[in-house]
Amino acid sequence: MYLAMTGQRIKGFDARHLGFVTQFVESGNLPTLREDVVKCSSEQDLVDCLISHDQSEGQPEFSLNNNLLEISKTFSASSALEVVRRLEESGSKFAQDTLKTFSVMSPTGLCLAHRTQTLSRSLDFTGCLRMEANIAVKTFGLGEFAEGVRALLVDKDNDPKWNPPSLEEFKDEVLDGVFENYKSDDWQPLP
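The structure displayed is predicted, hence computed values, not measured ones.

(A) Examining helix α8 (residues 107-120) more closely. Helix length check: α8, at 14 residues, gives a terminal C-alpha distance of 20 Å against a target of 20 Å (1.5 Å per residue), a fit within 8%. Summarising burial for α8: 10 of the 14 residues are buried, a large majority. The complete set of buried residues in α8 reads Pro-107, Thr-108, Leu-110, Cys-111, Leu-112, Ala-113, His-114, Thr-116, Leu-119 and Ser-120. Buried residues in α8 make contact with α1 (2-6), α6 (80-90), α7 (93-103), α9 (125-141), α10 (144-154) and α11 (172-179). The N-cap residue of α8 is Ser-106: its side-chain oxygen and the backbone nitrogen of Thr-108 are 3.2 Å apart.

(B) Focus on the environment of Ser-63. Counting through the fold element by element, Ser-63 comes out in the loop between α4 (43-53) and α5 (68-75). Note on Ser-63: relative accessible area 44%, which makes it partly exposed. In the structure, Ser-63 is positioned 71 residues away from Asn-134 in sequence and 33 Å away in space, judged by C-alpha atoms. Of the polar contacts made by the side chain of Ser-63, one reaches the side chain of Asp-14; its length is 2.6 Å.

(C) Geometry of the nonpolar core. Membership of the largest hydrophobic core comes to 30 residues, with the highest contact counts inside it found for Met-5, Phe-75, Phe-102 and Phe-179. Residues within four places of Phe-102 in sequence aside, it is in contact with Met-5, Thr-6, Phe-75, Val-83, Val-84, Leu-87 and Leu-110.

Rules behind the numbers
- Residues numbered from 1 in each chain as written.
- Predicted model: local features only at pLDDT ≥ 70, side-chain atom pairs only at ≥ 80, totals over all residues.
- Heavy atoms only, no water.
- Helix = DSSP H or I, 4+ residues; strand = E, 2+ residues; numbered from the N terminus.
- Expected span 1.5 Å × (residues − 1).
- Buried < 20%, exposed > 50% of the residue type's maximum accessible area, 1.4 Å probe, protein only.
- Contact = heavy atoms within 4.5 Å.
- Polar contact = N/O pair within 3.5 Å; in protein donor to acceptor, adjacent residues only side chain to side chain.
- Core = buried A, V, L, I, M, F, W, Y, C linked by side-chain atoms within 4.5 Å.

From the geometry alone we can't say anything about function, so treat these as descriptive.
Next up, the structure:
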């Protein structure tokens, strides 16, 4: 939830800490890994090769480690507005930095990210892709993406006019419309 709502980027070794990947290889070592993978003649050879190239040991501590408890407590809230309220109550430096990040983001975008992450917990990978495809057109129709592009890239005034301008003014009915039929079979993965 934290990564989705904040847009926070993680490093390769963070992906390992989060369980997104099982192995970690420094980018400078990828050519050697490629050469060795091509030489593999069986699935077991490939597994052994990947394990032998793993560089997870000695990597820095998870970059969010010092804030995991607060992230867990705060971002488990049932709505984006409640996440903000919890951050405001905390008052920690982490909370203040996160609120600063939120202050320039679309309130609608924050709510969309929260709802998407909440619903995705009960879906498999194909279900998540289906949901993303089904809500994409409706999301673009809200105009928030276009407004962000206008403010950042076209007019370069860095002053987006979000609609609504605050989370307090956001109506859940907007999300209900976007996520209506989000499980529809209209989208199918490629065979």
